[in-house]
Amino acid sequence: MSDTSAVTVLLVEDDEVIRRSVALALERYGYRVTTAADGFDGLERFRDDRPDLLLLDVMLPGLDGIGLCRRIRETSTAPILMMSARGDSLDVVSGLEAGADDYVVKPVDTAVLVARIRSLLRRATFPPARPGTGRGTGTPDRLVFGDLAIDPAALEVYRDGEEVTLAPTELRLLLEFAEHPGIVLDRQTLLRNVWDYGWDGDSRVVDLCVQRLRKKIGADRVETVRGFGYKLRR
């Protein structure tokens, strides 16, 4: 997705001034932007347009941004970036728990917003798997950790033989763990390698994504090492 003109961003924001200014800023960077002023209209536009990325305000009339994020996650793994006017911890946590990949606090600098969008789009694409990735048991093409099986080439994950659907960020996080099984990875390392942050980010995005991943692959598969980070149990 290096050609931004081929990328559609759905912006759902009820403040008309912010909506127009953000849309114009993104269009200057070459993105195609569609907009909605409330959550229900945003859901309809999402279903009609199938955008490549969604930029959702938390506080929306009708269906708020958290509820909209949950509804979208029922059928789509498209990258979602939440916007919070206050940067309130509850807003941030609720958005990430609902399935958002990242968040920004308004007012947001355009360069920062575009950097976050580019990072999310890169995470939504995957390079070819490297041979010999990971050290789980199983065949060279499939890594096995207990009841969890990962096919890095096909980007497929199975638990007890049933396929598990993961959002792109969740899948990248799992693949990062699978490359280093049994090794503790600290949050800043995960922010750099998974979230593609070239700067220090909010470690809450890591913690909340780990929580979502545990719900899908098993609560005991990713172990917390207090004061250090996380590791994938062999």
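These numbers come from a predicted model, not from an experiment.

**Student:** Before we go on, may I ask you to explain the pattern of salt bridges in this structure?
**Tutor:** As a working rule, side chains carrying opposite charge can pair if their charged atoms are close by. On inspection of all chains with the given rule, the structure shows eleven salt bridges. With its nearest N and O atoms 3.5 Å apart, the salt bridge here joins Asp102 to Arg116. Highlighted residues: Asp102 in strand β5 (residues 102-105) and Arg116 in helix α5 (residues 110-123), separated in sequence by 14 residues. Since its relative accessible area comes to 13%, Arg116 is described here as buried.

**Student:** Can you walk me through the nonpolar core in this structure?
**Tutor:** Among soluble globular proteins, nonpolar side chains are generally buried collectively. The biggest cluster of nonpolar side chains holds 51 residues, and the ones touching the most others in it are Phe177 and Trp195. In terms of residue count, helix α8 (residues 204-217) provides more of this core than any other element does, seven residues in total. Apart from the residues lying within four places of it in its own chain, the contact partners of Trp195 are Asp101, Ser119, Arg123, Thr169, Leu173, Leu190, Val205, Val206 and Cys209. Judged by nonpolar contacts, the second largest core, of 18 residues, contains Val22, Tyr31, Val104 and Leu120.

**Student:** Mind showing me how you'd approach unusual backbone geometry here?
**Tutor:** Pro107 follows Lys106 through a cis peptide bond whose omega is -5°. Here Pro107 lies in the loop between β5 and α5. Positive phi values are uncommon outside glycine, yet Arg50 reaches one of about 50°. Of note, the phi angle at Leu155 is positive, near 55°, even though the residue is not glycine. Locating Leu155 in the fold gives a position in the loop between β7 (148-151) and β8 (156-159). Residue Leu155 is classed as partly exposed on the basis of its relative accessible area, which comes to 31%.

Rules and cut-offs
Residues numbered from 1 in each chain as written. Predicted model: local features only at pLDDT ≥ 70, side-chain atom pairs only at ≥ 80, totals over all residues. Heavy atoms only, no water. Salt bridge = Lys/Arg side-chain N within 4 Å of Asp/Glu carboxyl O. Helix = DSSP H or I, 4+ residues; strand = E, 2+ residues; numbered from the N terminus. Buried < 20%, exposed > 50% of the residue type's maximum accessible area, 1.4 Å probe, protein only. Core = buried A, V, L, I, M, F, W, Y, C linked by side-chain atoms within 4.5 Å. Contact = heavy atoms within 4.5 Å.

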